[in-house]
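Overview (structure and organization)
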Amino acid sequence: FGYKFTDYKLLREALTHSSCSTSSRIGQTCVRSYERMEFLGDALLDYSVVPMLYNQLPSAHEGILAGSKTLIIENKSLAQESIRMRLYELIYAKDSVLSQLKHLKAAVDDAVDMKRLSQHVQISGSCAHLYQYYAPWTMAEESYVLADVDGKIKTGISSTITKLLADVLESLVGAVFVDCGRDYTVIDKVISKVLRLDKRIGDIRDIYETLSKRGID
């Protein structure tokens with residue numbers, strides 16, 4: 001995603017689920033979970049996304065700004081980006097969490113293998129309820145994620161895993177911030193690239209302007 005870590009311990013922490021963390025030292029290493037990094041990354045997303053929305057949607061009222069922010073940084077949206085980046089392949093986890101991540105990997109791999117069958121309809125068979133999920137601003141991009149990443153029983157992916165995927169993306173942002181020496185310029189660039197903010201906000205602006213011309217505010 002355009003950033004190279006200098007301290008890989010921070011990267012390991014950002015990708016470690018609590019099922020794999022240790023409170024005591026193993027040799028000389030203490031393995032933390034991503035929770036502290038996720039807390040930091042969550043705040044950084046607001047810091048980066050909110051001013052960008054404010055600046056690029058100068059005539060939008062508060063409701064439009066709030067709704068746009070939700071579309072971009074709610075758990076479901078972050079989980080979709082996490083899947084697009086295949087972060088689930090890098091997460092350190094154990095037991096049932098690891099099992100669900102493996103199921104997700106297999107399902108997404110199946111969907112990618114079948115991607116030319118259809119761009120906008122549900123795929124049947126072993127990856128039922130999996131198909132290309134596109135928010136309005138990503139209709140033209142090749143990116144396969146869960147159609148209902150919030151966790152329908154038939155997908156086998158729980159809402160807990162959805163939150164985990166979102167949390168890991170936030171923790172990764174937090175880890176970058178610490179690793180780069182708390183450089184806000186760097187973190188703005190990373191967040192913009194990871195969330196594809198230029199395109200997303202640009203498309204939101206186009207939709208808003210179209211609705212405004214029709215008298216819909």
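In what follows, the structure referred to is the one given above.
Thresholds, definitions, all that
Along each chain, the written sequence defines residue order, and numbers are assigned to residues from 1. For a predicted model such as this one, the threshold for reporting local features is a pLDDT of at least 70, and the threshold for listing and counting side-chain atom pairs is 80 or more; totals across whole chains, interfaces and linings nevertheless cover every residue. To obtain the side-chain values, all non-hydrogen atoms of the structure were included, while hydrogens and water were left out. Counting from the N terminus, the helices are the DSSP runs of H or I reaching at least four residues and the strands are the DSSP runs of E reaching at least two. For every residue, the accessible area obtained with a 1.4 Å probe (protein chains only) is divided by the maximum for its type, and the residue is called buried under 20%, exposed over 50%, and partly exposed between those limits. Any two residues whose heavy atoms approach within 4.5 Å at even a single point are treated as in contact. The Shrake-Rupley method, run with a 1.4 Å probe sphere, supplies the accessible areas, and residue values consider only the shown protein chains as cover. Multiplying one less than the number of residues by 1.5 Å gives the expected span of a helix. We define a salt bridge as a contact between a side-chain nitrogen of Lys or Arg and a carboxyl oxygen of Asp or Glu at a distance within 4 Å.

**Some words on the overall build of the chain**
Along its length, the chain carries eight helices and two strands. Listed by position from the N terminus, the elements making up the chain come as α-α-α-α-α-β-β-α-α-α. Looking at the chain residue by residue over its 217 residues, the buried ones come to 43%. Taking all contacts inside the chain whose residues are at least 6 apart in sequence as the whole, residues at least 24 apart take part in 64%. Just so you have it, the chain exposes about 11,700 Å², and 52% of that area is on carbon and sulfur atoms.

**Quick word on helix 6 (residues 159–179)**
Compared with the 30 Å implied by 1.5 Å per residue over 21 residues, the 30 Å span of helix 6 between its first and last C-alpha is a close match. Extensive coverage of helix 6 is indicated by the burial of 17 of its 21 residues. Positive phi shows up at glycine 181, right after helix 6, with a value of about 80°.

**A short note on the environment of arginine 200**
On the secondary structure map, arginine 200 appears in helix 8 (residues 197–213). In the structure, arginine 200 is positioned 129 residues away from leucine 71 in sequence and 9.5 Å away in space, judged by C-alpha atoms.

**Here's the deal with the pattern of salt bridges**
Side-chain pairs of opposite charge can arise whenever the charged atoms involved come near each other. Evaluation of the coordinates by the stated rule reveals nine salt bridges. Across the pair arginine 196 and glutamate 81 runs a salt bridge whose closest N-O atoms are separated by 2.4 Å. Pair noted here: arginine 196 is in the loop between helix 7 (184–195) and helix 8 and glutamate 81 is in helix 4 (residues 75–84), with a separation of 115 residues, a long-range link. One network of salt bridges, with partners in common, ties together Glu81, Arg84, Arg196 and Arg200.

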